Every structure is written in C-alpha cells, then in structure tokens.
Amino acid sequence: MMKRNQVKVIAVTGGKGGVGKTNVSLNMAVAMANQGKRVLVLDADLGLANVDVVLGLRVEKNLSHVLAGECDLDDILVKGPGGIQIVPATSGTRSMVELSPQEHAGLIRAFSTMRTEFDVLIVDTAAGIGNMVLSFARAAQDVVVVVCDEPTSITDAYALIKVLSREHGVFRFKVVANMVRTMREGQILYNKLTKVTDRFLDVALELAAIIPFDENLRKAVRKQQLLVEAAPRSPASLAFKALGARAGNWPIPTQAGGHLEFFIEQLVSQQDTVRNAANE
C-alpha cells in the first residue's frame, strides 16, 4: 500500500431530509478549494445519489462500476465547480451495507490505491440514522450535523447524536444552523439542541456556522449552480466561506486515522460487524 498524505475527513449529516445538507457539503467544499485545499466530495447517499444532479454534471460511471472491477476510482472522478472532485454514487441500487466481503475489499483497495491526492474528503451522507449514515459518521474525524428551524429537524438531529454517542462512541459534534432568518435565530436553534443534549447525553456540541436564509440560494439551485460561485457576496455565501475557513483549521489526528484508507477500512469493518450481528 502506498504511503499517502494525511486527509481531513468530514462527514456532513442531519437527522432528516430537507435541511440543506448537500448544499452545505458542496458550498463548504468549494469554499475550502478556493483556499487552496484539494477537496474530494463523496456522495454517500448510496441508494439515492443526487450530488451530480444538484450540480448538473454528466456522469458516465459511478461507484458501482468501481466495485464491479470495471474501472479505478480515479477513472470515475468528476470535476465540479471550484476545482473540487466528486465521487458519484449510484441511484436506485442497493446500499453498501449489502456488499459482499469481496466488494468491501475492492472498496478499500480503490481508495487506498488512488493516484489522485487530496487534502480533504467531505462525505455527504444520507438523511436519517441508517447503518451507513452511522458508519460514515463514526469513521470520520469531524461530524457536522445540519439543522434548520423545524421541530422535526431538532428531534431527528437529537436522535442521530444520541445513537452515535451511546452506541458508536462519537462524542463531539459540529452544528450548522442552516436557513435561519437572523443570527439570533441561529443561536436560539443551537441552544434548543444543546439544552436537550446537555440534559440527557454526554456529548460536546460546537456551533460551527450560522447560515442565513438567502433567496439567492434558491435561484442558484434552480440553475444547478453553487451559491458561493453564483452570488459570492451574498449573506449565505459569506457564511459558507467562513465555515470553509474554520473547517480548514480543524486539526487532523496524528495517528493512523488521518489516512484516507484508514477511514475506508474503519467503515468496512463496521459494516462487517453489523452484518455479523444480524446473522447471529
């Protein structure tokens, strides 16, 4: 196995759909790329992939072709806005939790033998608390939980944090308050979440960003563009850029966990554990 540079792995997740998780992932990715980082985005909603659709990208091959041995991971990378690279997943197919041990090994090999070097891997997970969401979050170095000002968003985010902390040993979370009307509203939203986690869970939450509601975002989405490029001086763009700058300074562990192949090995070993438990 070739020695690789250390890679910062950030999982962007949320308890429910519709909180803007993919927009946070992609705008943060471009913001970090604009600061000189080499950024790879993994579309980890493996059954309902949508990153390529959001960006209006043409994808000829995806992760399923790599797992089938038809090509290398480097061959399916798609260049996105700002110079970011994207690993497109499949849509309407089985999830990684159902892969065979041979396919698991192929996935490890695909990531560990990549010719392309990256500084940051941003994992855009599916919504909910499914096994793959939990595994991606557990294997990452930083977990970003996106919430918006809806009661179900708070309750579902709490459920996700609860499962990750009590069953998977994840105790530190970054929170992004998304699509809020004012900075005060974002702080109140964060306070609502910390009030319940402080009472019932042994976790540490950090407010990573407050992203204001921005009509420019809706316009950019309709045009299949990212806000940080379509309206770089808009309020939400400035917030995304600040988040990217902050994320770029999050420390990378000095142990083996800083390596991209270790992340994938952790992910796969967790899926094997889930499979074995289900078969017992």
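Here goes a summary of the coordinates provided. In this text, all values refer to a predicted model and were calculated from it rather than measured experimentally.

What follows covers the overall build of the protein. When helices and strands are counted, the protein shows 12 helices and eight strands. In the protein, buried positions account for 53% of the 280 residues. Sequence-distant contacts in the protein: of pairs separated by 6 or more residues, those separated by 24 or more amount to 80%. Accessible surface computed for the protein: about 12500 Å², of which carbon and sulfur atoms make up 50%.

Its place among the elements puts K8 in strand β1 (residues 8–13). Spatially, the C-alpha atom of K8 lies 8.8 Å from that of F118, the residues being 110 residues apart in sequence.

To continue, consider the side chain of D124. Relative to the assigned elements, D124 resides in strand β5 (residues 120–125). A polar side-chain atom of D124 sits 3.1 Å from a polar atom in the side chain of K21. Of the polar contacts made by the side chain of D124, one reaches the side chain of T22; its length is 2.8 Å. Once residues within four sequence positions are removed from consideration, D124 is found in contact with V12, K21, T22, S25, L42, D43, A44, D45, N50 and V51.

With that settled, consider the nonpolar core. Nonpolar side chains in soluble globular proteins tend to be buried together. V39, I84, I122 and V176 are the most contacted members of the largest nonpolar core, which has 36 residues in total. The greatest single-element share of this core, amounting to seven residues, is contributed by helix α1 (residues 21–34). If we skip the residues at most four places from it in the chain, I84 touches L26, A29, V30, A33, V39, V41, V78 and K79. Counting 26 residues, the second-largest nonpolar core is a separate cluster that includes A157, F173, A177 and L201.

It is worth spelling out the sheet that holds β5 at this point. Pairing is mixed in the open sheet, where eight strands are placed in the order β3-β4-β2-β5-β1-β6-β7-β8. Both outer strands of the open sheet, β3 (78–79) and β8 (204–212), are each paired with one neighbouring strand and no more. The pairing of strand β2 (residues 39–44) with β5 spans six bridges and is parallel. Bridge pairing in β5 links L42 to V123. Sheet contacts for α1: β1, β2, β5, β6 (142–147) and β7 (172–180); angle to β5, the most-contacted strand, approximately 170 degrees.

Here we take up a positive patch on the surface. On the surface, R181, R218, K219, R222 and K223 cluster together into a positively charged patch. With a relative accessible area of 61%, R181 lands in the exposed category.

Turning our eyes to something else, we now look at the packing of helix α7 (residues 151–168) against helix α8 (residues 183–200). Viewed as axis vectors pointing N to C, α7 and α8 meet at an angle of 40 degrees, and their least axial separation amounts to 10 Å. Comparing the axis directions of α7 and α8 gives the class oblique. Handedness of the α7/α8 crossing: right-handed. Across the interface between the two elements, I154, A157, Y158, I161 and R166 from α7 touch L189, L193, V196, T197 and F200 from α8. Tallied by class, residues from the contact of α7 with α8 come to eight nonpolar, one polar and one charged.

Let us look at the packing of aromatic side chains. Considering all chains together, one arrives at zero aromatic pairs under this definition. Sitting over the ring of W250, K174 keeps its end group 4.5 Å from the ring centre. Lying over the aromatic face of F213, R181 brings its terminal NZ or CZ to 4.3 Å of the ring centre.

In terms of burial, β2 is a largely internal element, six of the six residues being buried. The alternating pattern of β2 places V39, V41 and D43 and L40, L42 and A44 on opposite faces, both of which are buried. Sheet topology note: the β2/strand β4 (residues 85–87) ladder contains three bridges and is parallel. Among the inter-strand pairings, L40 is bridged to a residue of β4, identified as Q85.

The rules behind these values
- Residues numbered from 1 in each chain as written.
- Predicted model: local features only at pLDDT ≥ 70, side-chain atom pairs only at ≥ 80, totals over all residues.
- Heavy atoms only, no water.
- Helix = DSSP H or I, 4+ residues; strand = E, 2+ residues; numbered from the N terminus.
- Buried < 20%, exposed > 50% of the residue type's maximum accessible area, 1.4 Å probe, protein only.
- Contact = heavy atoms within 4.5 Å.
- Areas by Shrake-Rupley, 256 points an atom, 1.4 Å probe, with all protein chains shown as cover.
- Polar contact = N/O pair within 3.5 Å; in protein donor to acceptor, adjacent residues only side chain to side chain.
- Core = buried A, V, L, I, M, F, W, Y, C linked by side-chain atoms within 4.5 Å.
- Pairing = 2+ DSSP bridges.
- Axes fitted to C-alpha atoms, helices over the stretch in contact; angles between N-to-C directions.
- Patch = residues over 30% accessible without salt bridge, like charges linked within 9 Å, V, L, I, M, F, W, Y side chains within 5 Å.
- Salt bridge = Lys/Arg side-chain N within 4 Å of Asp/Glu carboxyl O.
- Lys, Arg positive; Asp, Glu negative; His and termini not counted.
- Charge placed at Lys NZ, Arg CZ, Asp CG, Glu CD.
- Parallel < 35°, antiparallel > 145°, perpendicular 65-115°, else oblique.
- Left-handed = near helix turned anticlockwise from the far one by under 90°.
- Nonpolar A, V, L, I, M, F, W, Y, C, P; charged D, E, K, R; others polar.
- Phe/Tyr/Trp six-rings, centres within 6.5 Å; stacked < 30°, edge-to-face > 60°.
- Lys NZ or Arg CZ within 6 Å of the ring centre and 35° of its normal.

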